[in-house]
Amino acid sequence: MDRVLAGRPAKGTMLLGLRGVGKTVLLNRLRDLAGRQGYRTVRIEAPEGEALPELLVPELRRTIYALDLRRAAGGRLRRAAGVLVNFARAFKVRMGDLEFSVDLAPGEADTGRLEQDLPRLLIAVAEAAAERETAVGLFIDEVQYLSNEELAAVIVACHEIAQRNLPLLFIGAGLPQIAALSGKAKSYAERLFDFPQVGRLRRDDARQALTKPASAEGASFDDAALEALLDATQCYPYFIQEWGFHVWNAAPASPITRDMVHAATPHVIAHLDNNFFRVRFDQLTPLEQKYLRAMAELDPGPILTGRVATILGTRASSVATVRQRLINKGMVWSQRHGETAFTVPLFGAFMKRQMPELLKHTPNRRT
Ligand SMILES: Nc1ncnc2c1ncn2[C@@H]1O[C@H](COP(=O)(O)OP(=O)(O)O)[C@@H](O)[C@H]1O
Ligand SMILES: [Mg+2]
């Protein structure tokens, strides 16, 4: 962040990890840090199905206002505002008025092709930030939901901004497949970003995540209770949160014992099944559910894509489409060629509870 503020080149960052490991928490924390350093920050969450310009325009409008803070608009800023107006028009995004004079920027960011227009727009905003001697932080969560075209446009924009040494820092977060998606969109993506992996906590850190807040309330866990919690949660932050919450509420006294953990565990699992897991399960077609259920047979352990098909009683080519749909929905990803993995930790065990029976797949015969 300091490098960008000082006008030096710096790589962007894509935080990669499964669901519930703390990517969003980290992204928000980084945004706070950037804000405290003087960055103007833009944060959006790529939604399934909605278009990126729709989300970016109001945020960048806000940024342009923030850059104008208590000073007459500079030339670059008026120009950025003009480019934003073009962009909004080209992508049919409705935008409120800007209350300072806007320099028209004919031909800038108005082709209607995102891969050309988004870089022009972000360059104009970054130039305005440079004029103000500050920097822009662009934070995008759930990057895997960007369309191929949108992801390519973001990468091209970052590339052109880096080449011009402009003060815009990109930080994204999403499911592990975005590393491959980025590389596919633009081969130079790997040089443009760092891809730190966010995973489960180390056992010691997981222990602290439980003991610190408890001791602040004058309570403690005995060692066996902690071990039971680390095993049940597999040290995934979100599960630590849920188990910790339920065990805390159910425990009659301190120190919290292993028996108390075991007594609370069925309630935690029921709660997760009915909420965290269920919302994902309910968005799936019966065939997608069957596919995930077959995957669960091989979980834990490498889930070979070919073997999933065998378990379903069919060939890999017959279920390639459903697998791809599950990837697009962010339910599974391909860790290695020929392998398929869940993006939600402990999802395999849930699938077995939810669908005790394994069903075969009989593709419809076309006549
Ligand atoms: N560093 C951490 N230590 C302990 N718990 C955490 C940590 N980061 C996240 N969590 C817990 O995990 C939950 C999920 O985090 P989140 O950032 O939403 O995950 P992701 O975006 O990777 O799906 C948080 O609401 C919080 O309860
Ligand atoms: Mg998240």
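Since this is a predicted model, take the numbers as computed values, not measurements. (Residues numbered from 1 in each chain as written. Chains lettered and ligands numbered in written order. Predicted model: local features only at pLDDT ≥ 70, side-chain atom pairs only at ≥ 80, totals over all residues. Heavy atoms only, no water.)

Residues in contact with ligand 1, as listed here, are Leu18, Arg19, Gly20, Val21, Gly22, Lys23, Thr24, Val25, Pro237, Tyr238 and Gln241. Between Val21 and ligand 1, the recorded distance is 3.2 Å, taken from a backbone N or O atom to an oxygen atom. At 2.8 Å, a backbone N or O of Val25 approaches an oxygen atom of ligand 1. Protein chains shield 67% of the accessible area of ligand 1, which is 560 Å² for the free molecule. Mapped by element, the contributors of at least two residues to the shell around ligand 1 are α2 (23-37) and α11 (237-250). (Near = heavy atom within 4 Å. Polar contact = N/O pair within 3.5 Å; in protein donor to acceptor, adjacent residues only side chain to side chain. Areas by Shrake-Rupley, 256 points an atom, 1.4 Å probe, with all protein chains shown as cover. Helix = DSSP H or I, 4+ residues; strand = E, 2+ residues; numbered from the N terminus.)

Here we take up the environment of Met260. Mapped onto the elements of the fold, Met260 is located in helix α12 (residues 258-282). What makes Met260 buried here is its relative accessible area of 19%. Through-space distance from the C-alpha of Met260 to that of Ala250 is 7.6 Å; in sequence the pair is 10 residues apart. Apart from residues lying up to four places away in sequence, Met260 is in contact with Ala251, Pro252, Ala253 and Pro255. (Buried < 20%, exposed > 50% of the residue type's maximum accessible area, 1.4 Å probe, protein only. Contact = heavy atoms within 4.5 Å.)

To continue, consider the pairing of strand β4 (residues 168-174). Of all seven residues in β4, seven are buried; the element is thus mostly enclosed. Residues Leu168, Phe170, Gly172 and Gly174 line one face of β4 and the alternating positions Leu169, Ile171 and Ala173 line the opposite face, and both faces are buried. As judged from the four bridges shared by strand β1 (residues 12-16) and β4, these two strands associate in the parallel manner. Within the sheet, the bridge partner assigned to Thr13 lies in β4 and is Ile171. With five bridges connecting them, strand β3 (residues 136-141) and β4 associate as parallel partners. Paired with Gly137 across the strands is Leu169, a residue of β4. What joins β3 to β4 is helix α6 (residues 148-163), and the crossover it makes is right-handed. (Pairing = 2+ DSSP bridges. Right-handed = clockwise from strand over helix to strand, strands pointing away.)

The next point concerns the pattern of salt bridges. With the rule as written, the count across this model stands at 21 salt bridges. A salt bridge links Arg79 to Glu108; the shortest N-O distance between them is 3.5 Å. Here Arg79, found in helix α4 (residues 75-90), pairs with Glu108, found in the loop between α4 and α5 (114-131); they are 29 residues apart in sequence, far enough to count as distant. For Asp231, the salt bridge goes to Arg203, with nearest N and O atoms at 3.3 Å. Here Asp231, found in helix α10 (residues 223-233), pairs with Arg203, found in helix α9 (residues 203-216); they are 28 residues apart in sequence, far enough to count as distant. It is possible to trace a salt-bridge network through shared partners that takes in Arg76, Arg79, Glu108, Arg120 and Glu127. (Salt bridge = Lys/Arg side-chain N within 4 Å of Asp/Glu carboxyl O.)

Looking now at the side chain of Glu127. Structurally, Glu127 can be placed in helix α5. Apart from the residues within four sequence positions on either side, Glu127 is in contact with Arg76, Arg79 and Leu166.

Right, let's get into the nonpolar core. Core analysis: the biggest nonpolar cluster contains 64 residues, and Phe221, Leu292 and Phe347 have the highest contact counts within it. Tallying contributions element by element places α12 first for this core, with eight residues. (Core = buried A, V, L, I, M, F, W, Y, C linked by side-chain atoms within 4.5 Å.)

For the peptide bond that leads from Ser254 to Pro255, omega is 0 degrees, which places it in the cis range. Positionally, Pro255 belongs in the loop between α11 and α12. In this model, Glu142 sits at a positive phi of 55 degrees, which is unusual for a non-glycine residue. Here Glu142 shows up in the loop between β3 and α6. Of note, the phi angle at Gln234 is positive, near 50 degrees, even though the residue is not glycine. Structurally, the position occupied by Gln234 is in the loop between α10 and α11.

What follows is about the domain arrangement of the chain. How big an interface is tends to be reported as the loss of accessible area on association of its parts. Domain boundaries assigned for the chain yield domain 1 (2-194), domain 2 (203-281) and domain 3 (283-354). Of note, the centres of domain 1 and domain 2, computed from C-alpha atoms alone, are 39 Å apart. Summed over both partners, the interface of domain 1 with domain 2 buries about 360 Å², with 66% contributed by carbon and sulfur atoms. Considering only the surface of domain 1 that becomes buried against domain 2, Arg19, Gly20 and Val21 emerge as the three largest contributors, covering 86% of it. (Domains from an automatic or database assignment. Buried area = accessible area lost by both parts, 1.4 Å probe.)

Bringing the sheet that holds β3 into the picture now. If you trace the five strands from one edge of the open sheet to the other, you get β2-β3-β4-β1-β5, paired in parallel fashion. Two strands in the sheet have a free side with no partner beyond their single neighbour: β2 (40-45) and β5 (193-194). Set on the sheet, helix α3 (residues 52-67) makes contact with β2 and β3; between it and β2 the angle comes to about 165 degrees. (Axes fitted to C-alpha atoms, helices over the stretch in contact; angles between N-to-C directions.)

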